[in-house]
Every structure is written in C-alpha cells, then in structure tokens.
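Listed here are the chains, written in short residue letters.
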Amino acid sequence: MKIGFVMDPIGSINPVKDSTFAMLLEAQRRGHEIHYLTDSDLYVSHHQPRAISRKLTVQDNPDNWFRKGPEQDMALAELDAILMRKDPPFDMEYVMDTYVLDLAQAQGVLVVNRPQALRDANEKFFTEFFPDLSPDSCVSRNPRFLKAFVRDHGQAVIKPMDGMGGASIFKTASDDPNLNVILETVTANGQRTAIAQAYIEAISDGDKRILLVDGEAVPYALARIPASDDFRGNLAKGGRGEGRPLTEREWQIARRVGPVLREKGILFAGIDVIGGHLTEINVTSPTCIRELDKQFGLNIAGQLFDAIENRLND
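In this report, we go over the structure that sits alongside the text. This is a predicted model, so every value here is computed, not measured.

**Focus on the nonpolar core**
Grouped together as the largest cluster of nonpolar side chains are 37 residues, with contacts concentrated most on Leu-76, Ile-82, Val-257, Ile-271, Leu-278 and Ile-281. If we skip the residues at most four places from it in the chain, Ile-271 touches Lys-208, Arg-209, Ile-210, Leu-212, Ile-253, Ala-254, Val-257, Leu-278, Glu-280 and Ile-281. Core analysis: the next-biggest nonpolar cluster, separate from the first, contains 35 residues, Ile-3, Ile-10, Ala-22 and Ala-307 among them.

The following block contains the structure:
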C-alpha cells in the first residue's frame, strides 16, 4: 500500500523516542511504500488535494535513520492512507491542513486521525465531555473567571488550549503573588482561551499516558514522573518515564473514552491520567510508543497498522 505521513521535519526528530518513527519502521517492515510530507507540502489545485512527496526509507539507527527520494508532485488520492502526525500548535494553519485532508478523505483515502475529529476533539477541552472522570475545571479567556476558580480550589494548573509537551503550563495558588501575571500571560490579556484544572497532588506518582488503538487501550501506561525541581511530568520537560500496568480505575476510564474516540474516527490517541483523573485526550500526535515497546516488548505501531489495514480491507 501507499502510506503518506504528514509530520514535522524528519531530520529534527529523536528517532529513539519518536512515535511517528516507530510507525514509519512498521510501515516499511510490512512492505508499504512510504511517502513523506510536511505541512507546507500540502496544497489544492483545480479543486484537487495534492502534495509534494518524497519516498522514504528508514532504519533504526540514531546516527542515520532516514533517506529521502526525489520530490514528486502527486494527487493525495493516489495514497491508500495518510497519517496526520504534525505536532501542535493547533492553530489556523493546522486547521487548513485538515481541510486539505478532508478532500483526500472524500476521495477514498483513509486519514488517521479523521480530520473532522482533529478539529472537534481539542486535547484540553475534550475532557469536559467526561465530567465524572476529569478534575474540576474552568475554561475561559476571561482572567476574572479563571482567578475565581483558583481561589475556590486553592491550587490549580493553568494551561493554554493549543500547546504540547508541557509548554506554558503553570501551577499556581490563590495566594500566589504572580497569579495575575500568569493569567494575563496565558490568556494574552483576555484574548486567548485557557483551561484551569484543580491541582492533583498525585502528580508526584506520575502523569500516566495511556495509548488507545482503535478504541482499545494498550495494557500498560507510561507514568511520567516529574523531576525534583518541576511539577510537570512531561518527558520534554525532564520527566522520567516508568511503565506500569493499568489500574482498574485506568481501565474504567479507557473503556469509557475508547468507544467515543473510535466512533469519531480516531484510531490512535493518548489519554493522560493523574491520580485516577482524566486530564487530557491527545489526538494530534500522541507519543510514548517507543518507551512502552522497549519496556514491555510490545509492538504498538503494529497494532495500529493492523487497525489501518483492517479498515482499508473492509
């Protein structure tokens, strides 16, 4: 099959930890033809979705992990599937990319994850549809409402709606002298929506990433444990990853969220759970495949490609 990957520049990734790279290796192992695309390669001409593509070969070598072929201008309809793996920020340029992928989907290409779902399932906001599973929260661009929430709870975490990797996330408190400036910064003085979530002390035991493939949870989570000088567990911010079997509560959360994601056409997602609370639902470019594969002898990208091939063969 011909499989397209829309991703960030491959030369800039860390192949030892990159989940998209795990997918590339698996696609190649199965004999699929890999087409490498970046967001700037996508375009529409004469009402047809197209891209500048390079055929790609990969190897699991951190010193020399890819080789690109010459550029070719192709119709996206020539591909069997496209994996949308570009990292946030989720801005209007990202939305424009999903519109191009919508056209490809309308011509019979399987897009993972479905473009409409990428637009609908904001990674921070989507937890609001599971109020009994998630911590109390406030979503607003008005600093006054967010400040009142922090005062009600004593401690809270404030996050922008479009980031990733722990960027621009603040832990604050009702008596924090920097609370006003934190709210001004995150909301861009009331012009940008942010979310405040009640602070969960159990973060010290890890922010657990649970991967779901076609709605089914991988039975192990990666607990991302904060460094001693930070409250964020994100690996990109110095957190330490430790694999653990899912608890009964985590299975309960996965069994509730998984079918909703599958119905929306989200074949690959990563949900974040802290102390038994659902804090995020990541659908753009979830990570942690390589860490879990290594610790437990899994092949999560293989599970994903089983799901992709099943969809294409239906």
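On we go.
**Looking at the side chain of Arg-244**
Its location among the elements puts Arg-244 in strand S15 (residues 240–245). Of the polar contacts made by the side chain of Arg-244, one reaches the backbone oxygen of Asp-205; its length is 3.0 Å. Here Arg-244 is in contact with Asp-205, Lys-208, Pro-219, Tyr-220, Ala-221, Ala-223, Ile-225 and Phe-296, once residues within four sequence places are set aside.

**What to know about the packing of aromatic side chains**
In this structure the tally under the stated criterion is 6 aromatic pairs. Ring centres of Phe-90 and Tyr-94 lie 4.6 Å apart, and the angle between their planes is 35 degrees; this geometry places the pair in the tilted category. Take Phe-90: its relative accessible area is 22%, and that puts it in the partly exposed class. The buried category is assigned to Tyr-94, whose relative accessible area is 1%. Ring plane angle 65 degrees and centroid distance 6.4 Å describe the contact between Phe-125 and Phe-129, whose orientation is recorded as edge-to-face.

**Considerations on the sheet that holds strand S8 (residues 137–140)**
Strand-to-strand pairing in sheets goes through backbone hydrogen bonds, with the strands running parallel or antiparallel. Spatially, S8-S11-S9-S10 is the arrangement adopted by the 4 strands of the open sheet, whose pairing is antiparallel. In this open sheet, the two edge strands, each paired with only one partner strand, are S8 and strand S10 (170–173). In this sheet, adjacent strand axes meet at a mean angle of 25 degrees when their direction is disregarded.

**A word on the packing of helix H4 (residues 143–153) against helix H5 (residues 179–186)**
Interaxial distance between H4 and H5 falls to 10 Å at its minimum, and their mutual angle equals 135 degrees. Taken together, H4 and H5 sit at an angle that is classed as oblique. Two packed elements cross with a definite hand, and for H4 against H5 that hand is right-handed. Taking contact as the criterion, the partners of Pro-143, Leu-146, Lys-147 and Val-150 in H4 are, on H5, Leu-179, Asn-180 and Leu-183. Classifying every residue of the contact of H4 with H5 by side-chain character gives 5 nonpolar, 1 polar and 1 charged.

**Considerations on the side chain of Asp-18**
As for its position among the elements, Asp-18 is in the loop between strand S1 (2–6) and helix H1 (19–29). An unpaired buried charge is present at Asp-18: no salt bridge exists, and Arg-85, the closest side chain of opposite charge, is 5.6 Å distant. Setting aside residues up to four positions removed in sequence, Asp-18 forms contacts with Ile-13 and Arg-290.

**Things to note about the pattern of salt bridges**
Counted under the stated rule, the structure contains 23 salt bridges. Residues Glu-26 and Arg-29 are paired through a salt bridge, measuring 2.7 Å at the closest nitrogen-oxygen approach. Linking Glu-26 with Arg-29, this pair stays in helix H1, spanning 3 residues, or about one helical turn. Take Glu-26: its relative accessible area is 4%, and that puts it in the buried class. Looking at Arg-29, the relative accessible area reads 57%, which means it is exposed. In this structure, Arg-244 and Glu-242 form a salt bridge, with 3.0 Å as the shortest nitrogen-oxygen distance. Residue Glu-242 is classed as partly exposed on the basis of its relative accessible area of 29%. Salt bridges here are not isolated pairs; linked through shared partners, they connect Glu-26, Arg-29, Arg-30, Asp-306 and Glu-309.

Quick notes on the rules
- Residues numbered from 1 in each chain as written.
- Predicted model: local features only at pLDDT ≥ 70, side-chain atom pairs only at ≥ 80, totals over all residues.
- Heavy atoms only, no water.
- Core = buried A, V, L, I, M, F, W, Y, C linked by side-chain atoms within 4.5 Å.
- Buried < 20%, exposed > 50% of the residue type's maximum accessible area, 1.4 Å probe, protein only.
- Contact = heavy atoms within 4.5 Å.
- Helix = DSSP H or I, 4+ residues; strand = E, 2+ residues; numbered from the N terminus.
- Polar contact = N/O pair within 3.5 Å; in protein donor to acceptor, adjacent residues only side chain to side chain.
- Phe/Tyr/Trp six-rings, centres within 6.5 Å; stacked < 30°, edge-to-face > 60°.
- Pairing = 2+ DSSP bridges.
- Axes fitted to C-alpha atoms, helices over the stretch in contact; angles between N-to-C directions.
- Parallel < 35°, antiparallel > 145°, perpendicular 65-115°, else oblique.
- Left-handed = near helix turned anticlockwise from the far one by under 90°.
- Nonpolar A, V, L, I, M, F, W, Y, C, P; charged D, E, K, R; others polar.
- Lys, Arg positive; Asp, Glu negative; His and termini not counted.
- Salt bridge = Lys/Arg side-chain N within 4 Å of Asp/Glu carboxyl O.

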